[in-house]
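Overview (structure and organization)
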Amino acid sequence: GNSVTQMEGPVTLSEEAFLTINCTYTATGYPSLFWYVQYPGEGLQLLLKATKADDKGSNKGFEATYRKETTSFHLEKGSVQVSDSAVYFCALMTIKAAGNKLTFGGGTRVLVKP
Amino acid sequence: GAGVSQTPSNKVTEKGKYVELRCDPISGHTALYWYRQSLGQGPEFLIYFQGTGAADDSGLPNDRFFAVRPEGSVSTLKIQRTERGDSAVYLCASSPRLAGGTGELFFGEGSRLTVL
């Protein structure tokens, strides 16, 4: 079956620090990969995605590269801001005849201090 | 509003009671998903609908859980004989269709269920 493993938090950083959140996956078939973010008091929202090997997804200064050889999709940001404090979820989706569903990792809480 | 709306935002009930959680998706979205998120964990798939029919209900944990979407818009998740282990945040999401390869689901803020 499909599964996603991501590093446990919380991750506490100072503003302008470099952020990495590790994510690895197991999937049947050829998945698309995603990072979702949940800001305090808000619903989950898509941050970025990659649909095939070596693709790089990027948004809001965050990047992640689809690495098929290591089954990984690590999230990075070069200089975090206080507003990046949130819970980040790695997820995958495989397309089936009956439709699609996302499988999520356990989430990583990130706290950025001024 | 323009987003996915879930009611109630908070529900406290007693063990053994019946609970209904409502989801109003984004207008025009044909696909609707229910997820459950326990404290400190990621969302866990329960069921999704394409239109009025349940396309995949493989995530429903047992027959106490049931969901309907009679007119292809609003959906209700129904939990019978609630147990303390059902306490979680129940998330609803919608997408224009079965999300194709985009993977973008639009989530509501969730309904927090506490079973005493």
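Heads up: the structure comes first, above all this text.
This section reports on the structure supplied with the text. (Residues numbered from 1 in each chain as written. Chains lettered and ligands numbered in written order. Predicted model: local features only at pLDDT ≥ 70, side-chain atom pairs only at ≥ 80, totals over all residues. Heavy atoms only, no water.)

**Examining the interface of chain A and chain B**
Every contact between the two is made by 23 residues of chain A and, on the other side, 24 residues of chain B. Between chain A and chain B the total buried area reaches about 1,600 Å² when both faces are included, carbon and sulfur atoms providing 52% of it. For the pair chain A and chain B, the number of links is one salt bridge. Residue A:Lys101 pairs with B:Asp56 through a salt bridge whose shortest N-O separation is 3.2 Å. Summed over the shared surface of chain A and chain B, the result is five residue pairs in polar contact (both at pLDDT 80 or more). Mapped by element, the contributors of at least two residues to the side of chain A that touches chain B are strand 5 (32-38), strand 6 (45-50), strand 10 (86-93) and strand 11 (102-104) of chain A. With four residues, strand 5 of chain A is the largest single contributor of residues to the side of chain A that touches chain B. For the side of chain A that touches chain B, the class distribution of residues is 10 nonpolar, nine polar and four charged. (Contact = heavy atoms within 4.5 Å. Buried area = accessible area lost by both parts, 1.4 Å probe. Salt bridge = Lys/Arg side-chain N within 4 Å of Asp/Glu carboxyl O. Polar contact = N/O pair within 3.5 Å; in protein donor to acceptor, adjacent residues only side chain to side chain. Helix = DSSP H or I, 4+ residues; strand = E, 2+ residues; numbered from the N terminus. Nonpolar A, V, L, I, M, F, W, Y, C, P; charged D, E, K, R; others polar.)

**As for the environment of A:Gly41**
Residues and elements named next belong to chain A. Here Gly-41 lies in the loop between strand 5 and strand 6. Residue classification places Gly-41 among the exposed residues on the basis of a relative accessible area of 65%. Through-space distance from the C-alpha of Gly-41 to that of Ile-95 is 31 Å; in sequence the pair is 54 residues apart. (Buried < 20%, exposed > 50% of the residue type's maximum accessible area, 1.4 Å probe, protein only.)

**With respect to the sheet that holds strand 7 (residues 65-68) of chain B**
Residue and element names in this part refer to chain B. Here we have four strands laid out as an open sheet, ordered 1-3-8-7, and antiparallel in their pairing. Edge positions in the sheet fall to strand 1 (5-7) and strand 7, since each of these pairs with one other strand and no more. Within the sheet, the average angular offset between the axes of one strand and its neighbour, ignoring direction, is 15°. Two strands pair when backbone bridges link them, and strand 1 and strand 3 (residues 19-24) are joined in this way by three bridges, in the antiparallel orientation. Bridge assignment links Thr-7 to a residue of strand 3, and that residue is Arg-22. (Pairing = 2+ DSSP bridges. Axes fitted to C-alpha atoms, helices over the stretch in contact; angles between N-to-C directions.)

**With respect to the pattern of salt bridges**
What the rule picks out here adds up to nine salt bridges over all chains. Of the charged contacts, one joins A:Asp55 and A:Lys52 as a salt bridge, the two residues approaching to 3.4 Å between their closest N and O atoms. Each of B:Arg64, B:Glu83 and B:Asp86 takes part in one network of salt bridges that share partners.

**Re the packing of aromatic side chains**
The geometry of an aromatic ring pair is captured by two quantities: the separation of the ring centres and the angle between the planes. By the definition in use, this model includes 12 aromatic pairs over all chains. Taking the centre distance of 6.3 Å and the plane angle of 90° together, the rings of A:Phe89 and A:Phe104 count as edge-to-face. Residue A:Phe89 is found in strand 10, and its partner A:Phe104 is found in strand 11; the two are separated by 15 residues along the sequence. Like A:Phe104, A:Phe89 is buried. Within the aromatic cluster, the residues linked to one another by ring pairs are A:Tyr36, A:Phe89, A:Phe104, B:Tyr33, B:Tyr35, B:Phe45, B:Tyr48 and B:Phe107. Lying over the aromatic face of A:Tyr30, A:Lys68 brings its terminal NZ or CZ to 4.8 Å of the ring centre. (Phe/Tyr/Trp six-rings, centres within 6.5 Å; stacked < 30°, edge-to-face > 60°. Lys NZ or Arg CZ within 6 Å of the ring centre and 35° of its normal.)

**Comments concerning the state of the cysteines**
Residues and elements named next belong to chain A. Tallied over the full model, the rule gives two disulfides over all chains. What pairs with Cys-23 in a disulfide is Cys-90, and their sulfur atoms sit 2.0 Å apart. Across the disulfide from Cys-23 to Cys-90, rotation about the S-S bond amounts to roughly -70°, and the bridge is consequently left-handed. You can see Cys-23 sitting in strand 4 (residues 23-26) and its partner Cys-90 sitting in strand 10, a full 67 residues away along the chain. Take Cys-23 and Cys-90: they sit in the same class, and that class is buried. (Disulfide = S-S within 2.5 Å.)

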